[in-house]
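What the coordinates show
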Amino acid sequence: MGSSSSSSSKLLFRQLFEKESSTYTYLLADISHPDKPALLIDPVDKTVDRDLKLINELGLKLVYAMNTHVHADHVTGTGLLKTKVPGVKSVISKASGSKADKFVEHGERVSIGDLYLEVRATPGHTAGCVTYVTGEGADQPQPRMAFTGDAVLIRGCGRTDFQGGCSDQLYESVHSQATHDYKGFEVSTVGEEMQHNPRLTKDKETFKSIMSNLNLPYPKMIDVALPANMVCGLQDLPSQAN
């Protein structure tokens, strides 16, 4: 991951935080393009106005509101964004079973201007988790960044006991690439997590044992968040078609 606020000749990147659910939202834009097209990854309904204020201040045009998976700890902001910014498209994996304007699968690209994100399937926390990775090549900003959602947490990983979760699948996903902050860190790298993450450094059988014995309470927002997020956060906005 990169810093919480950075830009290159092309990429503008901002890392935003929603403290109640400890969720990071990411803003990316191609500032070299005349339209300054932008996207948000994992927006939260409670911080939509904050995000849009920043987008307007920076003179960006929001094109996509994307989710890494169907969240259980907060309501996605994609529904509200669609009502406030005409033309914004919601994006989520086809495997999620959720509603959206655009469904993505492993290997596909989502483009803003001359920049793109590569979609990588990383199921395990949920059946529909994906990681979005910034583009490869001389014309794409470096170093590359991976937005893992809840598949990999800094010094941890997402739970696997609901929403089609599977610890065996998650282990394979995160060891093919390696993010919520529950421990006070803002950024990490693939190599750092593979070396220091107390769960991911274990062999598969030990990892599966750890995950099956977490005994975590269900997220307090799950009964509200899951139904809303399955319809792109539009549950309470019936007049809005998705």
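Described in the following lines is the structure provided in the data block. (Residues numbered from 1 in each chain as written. Predicted model: local features only at pLDDT ≥ 70, side-chain atom pairs only at ≥ 80, totals over all residues. Heavy atoms only, no water.)

Looking only at helices and strands, the chain features 6 helices and 13 strands. Within the span of the chain, comprising 242 residues, buried residues form 51% of the whole. For the chain, the exposed surface amounts to about 10,800 Å²; the carbon and sulfur share of it is 51%. (Helix = DSSP H or I, 4+ residues; strand = E, 2+ residues; numbered from the N terminus. Buried < 20%, exposed > 50% of the residue type's maximum accessible area, 1.4 Å probe, protein only. Areas by Shrake-Rupley, 256 points an atom, 1.4 Å probe, with all protein chains shown as cover.)

For the bond from Q142 to P143, the omega torsion is 0°, close enough to zero to count as cis. Non-glycine residue K36 carries a positive phi angle of around 50°. As for its placement among the helices and strands, K36 is situated in the loop between β3 (23-30) and β4 (37-41). The backbone of C232 shows a phi angle near 65°, a positive value even though the residue is not glycine. Inspection of the secondary structure assignment puts C232 in the segment after α6 (222-229).

Further remarks concern the pairing of strand β9 (residues 115-121). Counted residue by residue, β9 has 5 buried out of 7 residues, so it is predominantly covered. Where strand β8 (residues 109-112) lies against β9, 4 bridges are found, and the strand directions are antiparallel. From the neighbouring strand, I112 faces β9, where its bridge partner is L115. Counted along the chain from β8 to the antiparallel partner β9, the turn is 2 residues long, and its residue G113 has a positive phi close to 60°. Relative to strand β10 (residues 130-134), β9 is paired through 5 bridges, and the arrangement is antiparallel. Along β10, the bridge assignment pairs E118 with V133. (Pairing = 2+ DSSP bridges.)

In terms of nonpolar packing, the biggest core is built from 20 residues, with L28, L39, I41, M66, Y132 and F147 touching the most fellow members. For this core, the elements supplying multiple residues, two or more each, are β2 (11-18), β3, β4, β5 (61-66), β8, β9 and β10. Aside from chain neighbours lying at most four places away, what touches I41 is Y24, T25, Y26, L28, M66, T68, L117, Y132 and F147. L27, L40, L60 and V88 belong to the second largest nonpolar core, which has 16 residues in total. (Core = buried A, V, L, I, M, F, W, Y, C linked by side-chain atoms within 4.5 Å. Contact = heavy atoms within 4.5 Å.)

With the rule as written, the count across this model stands at 5 aromatic pairs. Relative to Y26, the ring of F13 has its centre 6.1 Å away and its plane inclined at 10°; by these criteria the two rings are stacked. Highlighted residues: F13 in strand β2 and Y26 in strand β3, separated in sequence by 13 residues. Each ring, one from F17 and one from Y24, has its centre 5.0 Å from the other, and the planes form 50°; the classification is tilted. Cluster of aromatic residues (ring-pair linked, three or more members): F13, F17, Y24, Y26 and F147. In this structure, R109 is placed above the aromatic ring of Y116, and the distance from its NZ or CZ to the ring centre is 3.9 Å. (Phe/Tyr/Trp six-rings, centres within 6.5 Å; stacked < 30°, edge-to-face > 60°. Lys NZ or Arg CZ within 6 Å of the ring centre and 35° of its normal.)

For the rest of this paragraph, the subject is the pairing of β5. As defined by bridge partners, β4 adjoins β5 across 5 bridges and the pair is classed as parallel. Bridge assignment links P37 to a residue of β5, and that residue is K61. Following the chain from β4 across helix α1 (residues 48-57) to the adjacent parallel β5, one finds a crossover that is right-handed. Pairing between β5 and strand β6 (residues 89-93): 3 bridges, direction parallel. Across the sheet, residue Y64 finds its bridge partner in β6, namely K89. With respect to chirality, the unit in which β5 leads through helix α2 (residues 78-84) into the neighbouring parallel β6 is right-handed. (Right-handed = clockwise from strand over helix to strand, strands pointing away.)

A few words now on the environment of V130. Looking at where V130 falls in the secondary structure, it is placed in strand β10. The sequence separation of V130 and I92 amounts to 38 residues, and the corresponding C-alpha distance is 8.4 Å. Aside from chain neighbours lying at most four places away, what touches V130 is N67, T68, S93, V119, R120, A121, T122, F147 and T148.

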